Amino acid sequence: MPKDNSIKSVLIIGSGPIIIGQACEFDYSGSQAAKSLREEGIEVTLINSNPATIMTDKVTADHIYLLPLEVKSIIKILNERKIDAVLPTMGGQTGLNLAMKCEEMGVWAKYGVKMIGVDVEAIKVTEDRDLFRIRMNEIGVNMAPSRIAKSFLEGKSVAQEFGFPLVIRPSFTLGGSGGSVVYDKENFDALLNRGLQTSPIHEVLIDKAVLGWKEYELELLRDKNDNVAIICSIENFDPMGVHTGDSITVAPAMTLSDSTYQKMRTMAIKMMRSIGNFSGGCNVQFAVSNDDKEEIIAIEINPRVSRSSALASKATGYPIARIASKLAIGYQLDELINQITKSTSAYFEPTLDYVIVKIPRWNFDKFKGCNRELGFQMKSVGEVMAIGRSFQEALQKACQSLEIKRNGLGADGKEITNQAELLNALEKPSWNRLFMIYDAMKMGISIKTIQKLTRIDIWFLQQIEELIALEREIEKHRLADLPKELLYEAKQKGYADRQIAHLLRCLESEVYSKRKDFGINRVYKLVDTCAAEFEAKTPYYYSTFEDENESVRSDKKKVVILGSGPNRIGQGIEFDYSCVHGVLAAKEMGYETIMINCNPETVSTDFSTADKLYFEPVFWEHIYDIILHEKPEGVIVQLGGQTALKLAEKLDRYGIKIIGTDFKSLDLAEDRGSFSTLLKDNNIPYPEFGVIEDAEEAITLSKRLGFPLLVRPSYVLGGQSMKIVINEQELEQHVVKLLNDLPDNKVLLDHFLQGAIEAEADAICDGKDVYIIGIMEHIEPAGIHSGDSYAVLPPFDLSEDVINQIEKHTKTIALALNTVGLLNIQFAVKNGVVYIIEANPRASRTVPFIAKAYDEPYVNYATKVMLGAKLSDFKFEPKEKGYAIKIPVFSYEKFPEIQKELGPEMKSTGEAIYFIDDLHDEYFQNIYSERNLYLSK
């Protein structure tokens, strides 16, 4: 049957600001849904408070409402627009909770809006842990023994009945917030209280823990005729006890017998059908006993697009959110086209002839003193995905994608050799347990001991053991006598040239030359969803080492856009926004666009965004081979944050054109000494500073500069490792730490302007003319990282003279740096004088915020300028809507043990935008009064 033609307009509810447990994977899903519905001629209205995402850009939906995700915002939209249906399944738990609140208050009924993609019954059953357990019992699906507790006394009673260990799962939360594993009664009371307080309905489910069992997920789609397809099976590398968002995951499932997979498939379909009659996506999680019986129990079911849906979409090439949206408006699976083959229907189950590995990315370094042990509460801030022909190749590529100063898994001389430390890390999982497993094996700790401590399936451990055996074989040789077959095997298993060079005690470039001499070349394979049974039409590629290359180079002029890699604090979704706009602008300029990125959560890595997508690590070797194959006009590094910028020097050294601001200017802005000379030559004030190489130099310099001092490394983002020090002891300690943690970076000392006001400006420069797109004033005083500050656009109390100084300095610096593209400058204002803190000739975190506030596609304009356009080619028409406030959002609830203190190092995970008509607004006055109080002290 065709779609429901009564639906002419749909409201999509977004997920709000990025927080741990609900990140940009939901913005990807929402963007896909909007695109899918608009293809059907449906008017799409979207509500979300997150300015950093492409989801809230006018290229995505017909009407964007940047409003708080509250019932009153929904009512405002319904009063202004005729909405036929609401799709709440693309906004994570936030979207579902808001939709349910509107349902309970009768909002949807009053305005004649129907809920599509899910039904109320399904949400109630899956969110109420007791109802879910009862429903599973009714259909004969086993679960771990569990009880609901709505009070402290009820929880104590359950613990007495079940014994320890136990799992506490709060109801109606996301990312396992408030969840925990309790091993003994000493910790139970505190963790039970935390779980009850985290749940919005003061309710927890207490399970008998099945620690050590293997964990799996299935992604399903169902249409209105009850046709169901399993899109992807995902296996957790880590056993039960680690939140799936914090676990390394693999697709397809590697260690599951076919008979058990078929049972799991049948159970998942039965569970989906039992919870309600709806069309759309669903995620089901299972635990399987780690023995020959392979007993299966259900963990939970989510009747919506889940955190794993983005991963499953990128892993299979099957666009789950896109298809789920069409099912929600009445289509059947067999009426829709497979987006990869363009010749088969969407009613099929993808078959993979490659392996996917996802590794989470953590930012524990931002939360000093936090508990780094992983458990049922998610703590990661992002993730990477890699594709390989084998698990080993995908694993190595995923490790190369993480940007944690490792060249892959092992073979870099960074092994831990303390046996006690290794044994403790194996038993208590943290961010680096994968590397600790490798180190333990290399040290000689038996695989049996490792398996006993980690409870990770033996098959995965044997795969790592094979890698170590290969390394030992390579180490027997020198480059000159290395057999071709051994080098070929290492490359097929994912080893980077840099890793092989370490094993052979030679240079990376020498290994590169050797494999070229041997004819061992990287080739590119299509992600085709059907193991090459049907021809794929979509240019979505991954690399491997085989004979046949499936990526055909065109004769068109082309440009490469480097992505920003995994999300982390200081480099988040705003850079993906910039990359997407960069792709769109380059297409409009007639270029074939090539995207390189490894983040599965983003819109930039959707195969329909760029003309060609290479899902590869943003890692030199991979990028260089793609460039040699594609022969682009040049590479855009300005849009991918520090990840892309760090590659500029090597691109320049290898004679590859950097499109826009050149490497010399990029480096000048980062080199504090050279940049300060530029400021001095142009009579622009800046805080006194110096560059030091050891602690003794730092002490000597401090006597000239005077305390307080801002101590920071160069070439970092998000204020990494920045600190304000007030005496020689603090200075020495921090400098020593920096030089140990970041040995290749320069350490900068700036005199800190205490009590100053911070402001920042973003601009576009075409080399001759400069256009300032926005000036923002921070509400917090100097000393709080700009990413953690409330900021107001336009400024609310800077004098006309100060604004004139900011404008003049911005234009002078843009031209002095020979900027071609975007530029962000941060200022400190004290006693009416504007000082320069730093300048960044690239896309900044604030550009999407300014673009949304003024409703202008500034990154689009800037990219066209990089590609040769002039500012005079554009008609700038910013639409001011009063004042826009940037509100930082934190995920401190994941780390209740730390001190919630702000400073020069960024800690916020996301941001929201809030518009006010005037400065008398109560919200603004409240936060403004806090600054005045601080300054008065």
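Above this note sits the structure.
The structure reproduced in this document is the subject of the present report. (Residues numbered from 1 in each chain as written. Predicted model: local features only at pLDDT ≥ 70, side-chain atom pairs only at ≥ 80, totals over all residues. Heavy atoms only, no water.)

A look at the overall build of the protein chain
Along its length, the protein chain carries 31 helices and 33 strands. Against the compact-globule benchmark of 30 Å for 937 residues, the protein chain has a radius of gyration of 27 Å, which places it among compact chains. Seen through its C-alpha atoms, the protein chain measures out along the principal axes to roughly 80 × 75 × 65 Å. The buried share among the 937 residues of the protein chain stands at 66%. Summing over all exposed atoms, the protein chain offers an accessible surface of approximately 33,600 Å²; the carbon and sulfur share of this is 48%. Between the mean site of the 107 positive side-chain charges and the mean site of the 133 negative ones, the protein chain shows a separation of 1 Å. (Helix = DSSP H or I, 4+ residues; strand = E, 2+ residues; numbered from the N terminus. Rg over C-alpha atoms; globule rule 2.2 N^0.38 Å. Buried < 20%, exposed > 50% of the residue type's maximum accessible area, 1.4 Å probe, protein only. Areas by Shrake-Rupley, 256 points an atom, 1.4 Å probe, with all protein chains shown as cover. Lys, Arg positive; Asp, Glu negative; His and termini not counted. Charge placed at Lys NZ, Arg CZ, Asp CG, Glu CD.)

Things to note about the packing of helix α16 (residues 458-474) against helix α17 (residues 484-492)
Running from N to C, α16 and α17 point in directions that differ by 145°, and their axes come no closer than 11 Å. The crossing of α16 and α17 is left-handed. Facing Leu470, Glu473 and Ile474 of α16, the residues of α17 in contact are Leu486, Glu489 and Ala490. Tallied by class, the residues present in the contact of α16 with α17 amount to four nonpolar, no polar and two charged. (Axes fitted to C-alpha atoms, helices over the stretch in contact; angles between N-to-C directions. Left-handed = near helix turned anticlockwise from the far one by under 90°. Contact = heavy atoms within 4.5 Å. Nonpolar A, V, L, I, M, F, W, Y, C, P; charged D, E, K, R; others polar.)

Description of the sheet that holds strand β20 (residues 592-597)
The strand order across the open sheet built from six strands is β17-β18-β21-β20-β19-β22, with neighbouring strands paired in mixed fashion. Since the sheet does not close on itself, it has two edges, and those belong to β17 (523-526) and β22 (634-636), each with one partner. Within this sheet the neighbouring strands show an average axis-to-axis angle of 30°, counted without direction. Pairing geometry for β20 and strand β21 (residues 612-615), over four bridges, is parallel. Bridge pairing in β21 links Asn597 to Phe615. (Pairing = 2+ DSSP bridges.)

A few points about the packing of aromatic side chains
Summed over the entire model, instances satisfying the criterion amount to 30 aromatic pairs. Geometrically, the ring pair formed by Phe391 and Trp459 is tilted, given 5.6 Å between the ring centres and 55° between the ring planes. With Phe391 in helix α12 (residues 391-401) and Trp459 in helix α16, the pair connects residues that are 68 residues apart, well separated along the chain. On the numbers, 6.4 Å between centres and 75° between planes, the contact of Tyr858 with Tyr861 is edge-to-face. One end of the pair, Tyr858, and the other, Tyr861, are both in helix α30 (residues 858-866), three residues apart, so they sit about a helical turn from each other. Neither residue differs from the other here; Tyr858 and Tyr861 are each classed as buried. Linked through ring pairs, Phe364, Phe367, Phe890, Tyr892 and Phe895 together constitute an aromatic cluster. Between the NZ or CZ atom of Lys314 and the centre of the ring of Tyr28, over which it lies, the distance is 4.1 Å. For Lys557, the ring lying beneath its charged end belongs to Tyr591, and the centroid distance is 4.3 Å. (Phe/Tyr/Trp six-rings, centres within 6.5 Å; stacked < 30°, edge-to-face > 60°. Lys NZ or Arg CZ within 6 Å of the ring centre and 35° of its normal.)

Here we look at the sheet that holds strand β23 (residues 689-692)
Overall, antiparallel pairing links the four strands, which are arranged β23-β26-β24-β25 in an open sheet. Across the chains shown, the open sheet's two edge strands, defined by having one partner strand only, are β23 and β25 (723-725). Taking each pair of neighbouring strands and ignoring which way they run, the sheet shows an average axis angle of 25°. For strand β24 (residues 709-713) and strand β26 (residues 747-751), the ladder comprises five bridges, and the chain directions are antiparallel. By the bridge assignment for β26, Val711 is matched with Leu749. Relative to β23, helix α25 (residues 672-681) is tilted by about 155°, and along the sheet it contacts β23, β24 and β26. The strands touched by helix α26 (residues 695-705) are β23, β24 and β26; relative to β23, the strand with the most contacts, the crossing angle is about 170°.

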